[in-house]
Amino acid sequence: MTGAQVKLPPLMTVADFFEWPGDGTNARYELVDGVLRAMAPPNDTHGLIQSNLAIAIGLHLRENRPGCRINVTPGVQPRLRADWNFRVPDLGVTCAPNAPGILTMPDPVLLIEVLSPGNANDTWDNVPHYASLPSVVEILIVHSTRMKAELLRRNANGEWPENPEVVDAAGVLHLASIGLDLPLAEVYVQSHLARV
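Right, let's walk through the structure included here. (Residues numbered from 1 in each chain as written. Predicted model: local features only at pLDDT ≥ 70, side-chain atom pairs only at ≥ 80, totals over all residues. Heavy atoms only, no water.)

### Quick look at the state of the cysteines
So the rule is basically this: Note on disulfides: each one is a pair of cysteine sulfur atoms within 2.5 Å. Counting from the N terminus, the helices are DSSP H or I runs at least four residues long and the strands are E runs at least two residues long. Relative accessibility under 20% of the residue-type maximum defines a buried residue, over 50% an exposed one, and the middle range a partly exposed one, all with a 1.4 Å probe and only protein chains included.
Within the structure shown, the criterion is met by one disulfide. Each sulfur of the disulfide joining Cys68 and Cys95 lies 1.9 Å from the other. The sign of the 95° torsion about the S-S bond sets the Cys68-Cys95 disulfide as right-handed. Taken as a pair, Cys68 in the loop between α2 (44-64) and β3 (69-72) and Cys95 in the loop between β4 (91-94) and β5 (108-115) lie far apart in primary sequence, 27 residues in all. Note on Cys68: relative accessible area 13%, which makes it buried.

### What about helix α3 (residues 120-131)?
Residues that lie three or four places apart on an α-helix share one face, since the helix turns once every 3.6 residues. Heads up, the condition is: Between the first and last residue of a helix there are one fewer steps than residues, each counted as 1.5 Å, and that sum is the expected span. In what follows, a contact means two residues having at least one pair of non-hydrogen atoms within 4.5 Å.
With twelve residues, α3 should reach 16 Å at 1.5 Å per residue; the first-to-last C-alpha distance of 17 Å fits that figure. Those residues of α3 not exposed but buried are Thr123, Asn126, Val127, His129, Tyr130 and Ala131. In this structure, the buried side of α3 is in contact with β1 (28-32), β2 (35-39), β5, β6 (138-143) and β7 (148-153).

### Here we look at unusual backbone geometry
Negative phi is the rule for most residues except glycine; trans is the rule for most peptide bonds. Even without being a glycine, Asp33 presents a positive backbone phi close to 50°. Assignment of secondary structure puts Asp33 in the loop between β1 and β2. Since its relative accessible area comes to 31%, Asp33 is described here as partly exposed.

Dropping the structure here:
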């Protein structure tokens, strides 16, 4: 059916979403208030940034926090309208053990999104949903069109700041949730942005 429009199901719950066989294509979806939202494949820069972060964080966790692990595109079920939402960040860190048959990342402490021009609205729409998870300590948004990151960190009272901490090209990401200080430049190694 080349060129045919795929008919998506009407409103779904998360339980329906987990049972849904897909649309017959390789498209990936997340569930947003009961509606399927297609996820565009990442461009090369987006994928490189995601890989650099996964490697740096993964190595740090193995050496310093062996009970924690990083996953690529983990599914999370926010507390906001939990039966109707299943969101998929680019990366997530949890310190909960892996177990068979689990469809969502258990107790994420750090969630990371790579911001691309085509996904900016969807990404920022996901942030309050990520913040609704009580285990989440930090939410990191990394830009893919310039060397910049925005970090939200829950304070000791469990509250989120009104605005993120901005880290520029010469700065260091202080990821308190996992005890990692990472120069932002390392996130962009081998990208065209590192050569600008």
